[in-house]
Amino acid sequence: MDLRAQLSMSFHMDKCIGCHTCSVSCKNVWTTRRGAEYMWWNNVETKPGAGYPLTWEDQERYRGGWEVSGGSLRLKLLKGPGKIRTLANIFFQPNLPTIDDYYEPFTFDYQNLFNAPAGDDQPVARPKSLITGEFMEKIVLGPNWDDDMGGSPLYASNDPNLKGLSESQKEMLTKFHKLFFFYLPRICNHCLNPACVASCPSGAIYKRGEDGIVLIDQDTCRAWRFCVSACPYKKPYYNWANGKSEKCIFCYPRTETGQANACAHACTGRIRFVGALFYDADRIEDVAKSPDERIVEAMRDIILDPFDPRVIEEARKQGMDDNWIKAAQESPAYNLFKKWRIALPNHPEFRTVPMNFYLPPLSPILHNAKAESGGMFDPESSEFFNSIDKMRVPVRFLANMLSAGNEQLVLESLKKQMAVRMFIRQQRVGDVGDSAVKNALSSVGLTAQDCTDIYRLVSLGTFQERFVIPETHREHQTAVDPRTMYEKRGTVGFGAKNAEFPRRTW
Amino acid sequence: MNQMFFGAMPYILLTIAIVGMIWRFTTSRYSWSSQSSQFLENKTLFFGSFPWHYGIITILVGHIIGFFVPSAVLAWNGVPVRLYILELTGLAFGFLALFGLLALIYRRLTNARVKALTSGWDVLILIVLLIQVVTGLGNAIVYRWGSNWYAASAVPWMWSIFKLNPQVDYVANLPLVTKVHIFNAMIFIGLIPFSRLAHFVVVNPYKYLWRPYQVVRWYKRDPRTANVIQYK
Ligand code: SF4
Ligand code: SF4
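Residues numbered from 1 in each chain as written. Chains lettered and ligands numbered in written order. Predicted model: local features only at pLDDT ≥ 70, side-chain atom pairs only at ≥ 80, totals over all residues. Heavy atoms only, no water.

Asks: For this particular structure, what's the right way to read the overall build of chain A?
Replies: Along chain A, the regular secondary structure elements total 24 helices and 14 strands. Residues counted as buried form 60% of the 506 residues belonging to chain A. Expressed as a percentage of contacts within chain A between residues at least 6 apart in sequence, the contacts between residues at least 24 apart total 71%. On chain A, roughly 20,300 Å² of surface is accessible, and the fraction owed to carbon and sulfur atoms is 52%. (Helix = DSSP H or I, 4+ residues; strand = E, 2+ residues; numbered from the N terminus. Buried < 20%, exposed > 50% of the residue type's maximum accessible area, 1.4 Å probe, protein only. Contact = heavy atoms within 4.5 Å. Areas by Shrake-Rupley, 256 points an atom, 1.4 Å probe, with all protein chains shown as cover.)

See the structure below:
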């Protein structure tokens, strides 16, 4: 066993209101620089929708992630045996998205509103490209262009997750009264088998051993941009102005001191949970090679039980501080993903073993259930509970998105969430029959205690309960780096040693 | 005159290149790359970057082989058919490089986004490279069988430079085009530390072929360093 720790974020999709507070906090903290304007390390997409960059989930086009070939794992990008192909494409990458797949960053010529000479017409603020500084004829794409489906099914119909749906199911997209959509907030998944790291010819990208955060060493990055192509989630971004790739850093300067990530901290829907996981690094490759139907189970398998005395002993042997062990035991990530089995990874079939988890949303399912039965549902009838799996459209869609197509896993999570609702409703309102609740609980395998705990965490959870982030205590590690904290002030982490962002002169 | 261009300048420019590279690598390793603009424009780039790099690398390798084993080249050329094959291949790759270079220049001049990122250094390099490729092709076409007399004139001159005993006579009587070609090559070397040409001296990617896929860095694994790299 090679025990390692990983910080992980979970998202309760039902509670996401698509307000983009998370994206804006992230942008304000990290990506307001030139060349980074178009980057959204945290972004929130409407699903169904084309996403950002456009159709990022379509790996036929981008060739991100891994595939199993001849019993071994290889980057999809390589298309052939060995890594030579990466180097052969070093002068021109056929699968690299360009800025037009994201959007050309722009501002508006606001000054014209004040300075325009007197005339017959109202002055306007024309859009100006932030790359060329020239006026833009027309803005054709922007952040969240198809937000809330952008008023048309044009973008949504390109969603790669719609595959496997029948024509009549797809038609749902255009029928206003049957319409469903929800939000998918995304950050880098800080994968256990990161494709970005594996594709970097310079070896500039690395996973941190202590907390699993994946970072790009800015001094070593040579602008080859293979990470951008190889990451199936398109979460490394190329800074066109200074020629370096950048990505979500999981707010490590904050998490190292026990603070919540900027996006999670700001989240108005309180949909985010951050916690630590212990996993067995020896088995990563086996997990990444598992067949699609089994891959989520395999991921759950390598997450170790933080209460198991052998695991605790191993963690101590690895030199892990007690606060990390305690955090792993109270971890919302562990509970949601492994213990209660209600959270699922985004596109596990990309085989990067992503470490962010999502609770599939119940709402679009209920919405459809209601639409089918004349608009109302009776919470007392067990028929409702059992009809979840009849609502095939969203379940298939969610399974494409969250479980490599395994509908059973999505149904398990949805039914569990439903059972918790019934359980709490019985306690609060009392209009659900005892037997209905009992049946629901036993059929999904939850205890009353589990229901109380789930409800406590996802509905009432305080800041301390949602964010259990152990401090790294760098100040104690004087054996590593004998400088005092005072001497180290202004240095930021592993890669960049300058407090200020370096300027490029040629 | 010859003494100055082919006796003294090589040393001046080589010194500039070496000192400059050390200086840039230590003070500004951050900028040690070619700033890719594929992200902003990739259609014309395809017709520029691919032919250019594969063309010029092949030509360069040819020059280097000639430099290290001139006798092998001469022996190969001993049979006329083989000489023709070598010359024609060289010419083909030269034109491939020229085509790519022209596409790249066209792209720099016409695409607004790429233009916004173009520095004076980039323009200078494109000019130097264009001169280099055109004079190279001119040599090959006008003064035929360059692979033969390259091995007999420029190569011994280069060796004499490295042996710190410059024998300018080897190149003094070469045609003007050839002299420009040689001198321009030295300018090119001198420019390496001051431009995107730095990417020409890449020390990293070859490791990629041998290293395992994953890279992990530990902050507290080894007491002596703060940054232990492990592969797994
Ligand atoms: S999501 Fe992409 S960028 Fe993030 S660790 Fe995984 S492969 Fe790398
Ligand atoms: S801040 Fe929270 S609720 Fe708002 S969009 Fe982001 S994740 Fe969703």
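Asks: Teacher, can you tell me more about empty space enclosed by the protein here?
Replies: Regions of empty space are outlined by a rolling probe, equal in size to a water molecule, passed over the atoms. Residue and element names in this part refer to chain A. On inspection of all chains with the given rule, the structure shows eight cavities of 30 Å³ or more. Quantified by volume, the largest cavity comes out at close to 170 Å³. Taken together, 20 residues make up the lining of the largest cavity; nearest its centre are Gly-51, Tyr-52, Gly-142, Asn-144 and Trp-145. It is strand E2 (residues 43–47) that provides the largest number of residues to the lining of the largest cavity, a total of four residues. The residue makeup of the lining of the largest cavity, split by class, is ten nonpolar, seven polar and three charged. (1 Å grid on protein atoms, 1.4 Å probe; cavity = no way out; pocket = protein on both sides within 12 Å on 5 of 7 lines; lining within 4 Å. Points joined across faces, edges and corners; volume = space filled by probe spheres on them. Nonpolar A, V, L, I, M, F, W, Y, C, P; charged D, E, K, R; others polar.)

Asks: What should I look at first to understand the nonpolar core in this one?
Replies: One recurring pattern in soluble globular proteins is that nonpolar side chains are buried together. Residues Tyr-38, Leu-75, Trp-240, Phe-278 and Leu-336 of chain A are the most contacted members of the largest nonpolar core, which totals 152 residues. Per-element tally for this core: the top contributor is helix H20 (residues 407–428) of chain A, with ten residues. With residues near it in sequence (within four places) discarded, Tyr-38 of chain A still touches Tyr-52, Ile-99, Tyr-102, Tyr-103, Pro-105, Tyr-237, Tyr-238 and Trp-240 of chain A together with Phe-39 of chain B. Among the nonpolar cores identified, the runner-up in size contains 23 residues, and Met-21, Leu-104, Leu-137 and Leu-191 of chain B belong to it. (Core = buried A, V, L, I, M, F, W, Y, C linked by side-chain atoms within 4.5 Å.)

Asks: Just checking my understanding: could you explain the pattern of salt bridges for this structure?
Replies: Where charged atoms from two side chains of opposite charge come close, those side chains can pair. Residues and elements named next belong to chain A. For the structure shown, the criterion picks out 30 salt bridges over all chains. With a closest N to O distance of 2.6 Å, Arg-61 and Asp-101 form a salt bridge. On the criterion of sequence distance, the pair formed by Arg-61 in helix H2 (residues 59–62) and Asp-101 in helix H4 (residues 99–102) is long-range, its members being 40 residues apart. When its relative accessible area of 37% is taken as the criterion, Arg-61 is described as partly exposed. (Salt bridge = Lys/Arg side-chain N within 4 Å of Asp/Glu carboxyl O.)

Asks: Hey, could you run me through the site of ligand 1 in this one?
Replies: The immediate surroundings of ligand 1 are formed by Cys-188, Asn-189, His-190, Cys-191, Pro-194, Ala-195, Cys-196, Val-214, Cys-231, Tyr-233, Pro-236 and Lys-247 of chain A. Across the shell around ligand 1, the residue classes tally to nine nonpolar, two polar and one charged. (Near = heavy atom within 4 Å.)

Asks: Just checking my understanding: could you explain unusual backbone geometry for this structure?
Replies: Generally, phi is negative for residues other than glycine and the peptide bonds are trans, each holding for most cases. Residues and elements named next belong to chain A. Of note, the amide linkage connecting Lys-47 to Pro-48 takes the cis form, showing an omega dihedral of 0°. Relative to the elements of secondary structure, Pro-48 occurs in the loop between E2 and H2. Here Tyr-52 and Pro-53 are connected by a cis peptide whose omega angle stands at -10°. Secondary-structure assignment places Pro-53 in the loop between E2 and H2. With a phi angle near 65°, Arg-225 is a residue other than glycine that sits in the positive phi range. Among the structural elements, Arg-225 can be located in the loop between strand E9 (214–216) and helix H9 (226–230). Among the residues examined, Arg-225 registers a relative accessible area of 6% and is labelled buried. Unlike most non-glycine residues, Arg-341 shows phi in positive territory, near 55°. If you trace the backbone, Arg-341 turns up in the loop between helix H16 (332–339) and strand E13 (344–345).

Asks: What am I meant to see in the interface of chain A and chain B here?
Replies: For interface size, the figure often reported is the accessible area lost on association. Tallying the contact residues gives 75 residues for chain A and 50 residues for chain B. Each partner contributes to the roughly 5,900 Å² buried at the junction of chain A and chain B, and carbon and sulfur atoms together form 57% of this total. At the junction of chain A with chain B, the criterion picks out three salt bridges. Note that Glu-104 of chain A and Arg-113 of chain B form a salt bridge whose closest N and O atoms lie 2.8 Å from each other. Counting the contacts that link chain A with chain B gives 22 residue pairs in polar contact (both at pLDDT 80 or more). (Buried area = accessible area lost by both parts, 1.4 Å probe. Polar contact = N/O pair within 3.5 Å; in protein donor to acceptor, adjacent residues only side chain to side chain.)

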